[in-house]
Protein chains: 2
Amino acid sequence: MTFMAEDGDKAEVGAGGRKGLVIVYTGDGKGKTTAALGLLTRAWGRGMKVCMLQFIKHERARFGEIRAAEKMGFELIPMGQGFTWRSSDYERDKAICRACWERCVERILAPDGVWDIVALDEITYAFKFRWLTTDEVIEVLKQRPPLRHVVLTGRDAPQELIDFADLVTEMRMVKHPYHDQGIAAQPGIEF
Amino acid sequence: MTFMAEDGDKAEVGAGGRKGLVIVYTGDGKGKTTAALGLLTRAWGRGMKVCMLQFIKHERARFGEIRAAEKMGFELIPMGQGFTWRSSDYERDKAICRACWERCVERILAPDGVWDIVALDEITYAFKFRWLTTDEVIEVLKQRPPLRHVVLTGRDAPQELIDFADLVTEMRMVKHPYHDQGIAAQPGIEF
């Protein structure tokens with residue numbers, strides 16, 4: 001079974017009208033990583049195989065989402081941990097990022113059934129800092145098995161990625177307490 | 001400890017700069033309920049006490065999020081289930097909604113420590129259909145214990161609620177496969 005996508009490419013649709021989607025959460029608002037985590041949680045609730053690879057080193061070592069993933073028994077890899085992002089050495093940072101990307105590629109291209117959803121959290125920073133190109137990521141997404149869903153998050157998603165994706169939501173910041181009211185980030189909410 | 005909020009009201013801040021936040025996810029895009037679920041998951045990962053009350057009856061009886069909540073052992077109450085929303089009988093629908101709201105009020109006003117986060121999923125429909133007023137909901141939110149976080153989701157959040165909330169994100173639909181490409185909703189992703 002095939003259907004005609006917007007750009008005229010044929011995309012395969014699996015049994016029962018199933019199709020792996022490319023989902024992008026972008027924008028300057030809160031809720032991008034959070035929505036990706038919610039998506040994985042919902043799918044995990046259905047017994048699906050999900051994982052998240054996080055591109056950015058966060059300042060707090062043990063995030064709520066990491067703890068949740070451990071309790072739920074799904075794979076969440078904080079790839080930025082254990083080394084420093086954005087050192088003054090572009091080549092070194094790029095090499096680290098590319099090694100991380102290889103781990104993503106493995107999961108994105110694994111046969112159907114190995115993973116149902118692969119989430120690439122904050123991957124857009126890799127485009128911003130020119131460690132990865134949008135083209136090479138899209139090339140890998142094109143080669144993925146037909147039922148593999150891939151979620152990509154981060155600010156400033158490139159237009160090519162938006163054009164390629166199936167489902168794109170922009171999280172727009174309407175009001176932010178940490179900016180507007182000087183409230184400290186709250187554990188369990190922010191991290 | 002107190003701090004001056006934007007509107008000049010004093011709001012209490014708990015130990016360690018903690019403060020219960022009112023968080024709104026609104027807009028026409030995907031990811032509102034999903035972000036609320038992710039937020040609860042993250043907090044649950046930290047051992048916090050979370051619950052979600054869903055105002056809208058969904059078409060599929062056993063959503064991924066319900067299954068996930070069961071597996072995780074947190075309370076998710078699909079209040080719309082077991083009866084029909086939006087019958088032709090406004091008074092009957094309103095009475096059902098108000099009974100649901102009473103269950104929310106109990107949780108929002110329970111002493112600190114009973115719940116850390118109470119999520120009211122799709123509550124904006126109750127405003128839209130005039131089963132609840134924004135004013136009465138804000139009145140209850142004002143009375144909540146200082147550390148209680150409350151998350152409200154749904155399209156078209158009223159301006160008064162946005163003004164009252166601490167953190168507001170609008171999910172803006174950039175691209176939607178079900179609208180744009182005629183792709184069927186995918187289990188684990190959409191529901």
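You'll find the structure just up there.
Think of each chain on its own: its residues are numbered from 1, step by step along the sequence as written. Chains and ligands are labelled by the order in which they are written, letters from A for the one and numbers from 1 for the other. The predicted nature of this model means local features are confined to residues of pLDDT at least 70 and side-chain atom pairs, given and counted, to a pLDDT of 80 or more, with totals for whole chains, interfaces and linings taken over all residues. The basis for the side-chain values is all heavy atoms of the structure; hydrogens and waters are excluded.

> How should I be thinking about the packing of helix α1 (residues 32-45) of chain A against helix α2 (residues 64-72) of chain B in this particular structure?
To describe two helices that pack against each other, one gives the angle between their axes and the distance between the axes. Whenever a helix is involved, its axis is fitted only over the stretch in contact; in every case the axis is a line through C-alpha atoms, and angles between N-to-C directions fall within 0 to 180 degrees. In this description a helix means any DSSP run of H or I spanning at least four residues, a strand means any run of E spanning at least two, and both kinds are numbered starting from the N terminus. Remark: α1 of chain A packs on α2 of chain B, axes separated minimally by 7 Å, with the N-to-C direction vectors making an angle of 80 degrees. The angle between α1 of chain A and α2 of chain B falls in the class roughly perpendicular. Between α1 of chain A and α2 of chain B, the residues in contact are T41, R42, W44 and G45 of chain A and G64, E65, R67, A68, K71 and M72 of chain B, respectively. Three residue categories are used. Nonpolar comprises Ala, Val, Leu, Ile, Met, Phe, Trp, Tyr, Cys and Pro, charged comprises Asp, Glu, Lys and Arg, and polar comprises the others, including Gly. For the contact of α1 of chain A with α2 of chain B, a count of residues per class yields three nonpolar, three polar and four charged. Note on angle classes: values under 35 degrees are labelled roughly parallel, values over 145 roughly antiparallel, values of 65 to 115 roughly perpendicular, and the remainder oblique. Contacts: residue pairs with any heavy atoms within 4.5 Å of one another.

> Before we go on, may I ask you to explain the packing of aromatic side chains in this structure?
Within a pair of aromatic rings, the relevant descriptors are the distance that separates the centres and the angle that separates the planes. Each pair of aromatic rings taken from Phe, Tyr and Trp, with Trp reduced to its six-membered ring, is defined by centres within 6.5 Å and is described as stacked if the planes are under 30 degrees apart, edge-to-face if over 60, and tilted in the remaining cases. As enumerated under the stated definition, the model contains four aromatic pairs over all chains in all. Aromatic side chains Y125 of chain A and F129 of chain A sit 6.2 Å apart centroid to centroid with 35 degrees between the ring planes, which places their arrangement in the tilted category. In this scheme, a residue with accessible area under 20% of its type's maximum is buried, one over 50% is exposed, and one in between is partly exposed, where area comes from a 1.4 Å probe on protein chains only. On the basis of relative accessibility, which here comes to 15%, the residue F129 of chain A falls in the buried class. Ring geometry for F129 of chain B versus W131 of chain B: centroids 5.0 Å apart, planes at 55 degrees, classification tilted.

> Help me understand the sheet that holds strand β3 (residues 22-26) of chain B, please; the structure alone is not making it clear to me.
Pairing between the strands of a sheet comes from backbone hydrogen bonds, and it takes one of two forms, parallel or antiparallel. Reading across from one edge, β5(A)-β4(A)-β6(A)-β7(A)-β3(A)-β8(A)-β8(B)-β3(B)-β7(B)-β6(B)-β4(B)-β5(B) is the order of the 12 strands in this open sheet, with mixed pairing throughout. At either margin of the open sheet sits one strand with a lone partner, and together these are β5 (75-78) of chain A together with β5 (75-78) of chain B. Strand-to-strand twist across the sheet, computed as the mean angle between neighbouring axes with direction ignored, equals 15 degrees. Note that strand β4 (residues 50-54) of chain A and strand β6 (residues 117-121) of chain A share five bridges and pair parallel. Residue pairing in the sheet places L53 of chain A in a bridge with L120 of chain A of β6 of chain A. Sitting on the sheet, helix α1 (residues 32-45) of chain B is in contact with β3 (22-26) of chain A together with β3, β4 (50-54), β6 (117-121), β7 (149-153) and β8 (167-175) of chain B, with an inclination near 160 degrees to β4 of chain B. Two strands are said to pair when DSSP picks up at least two bridges between them.

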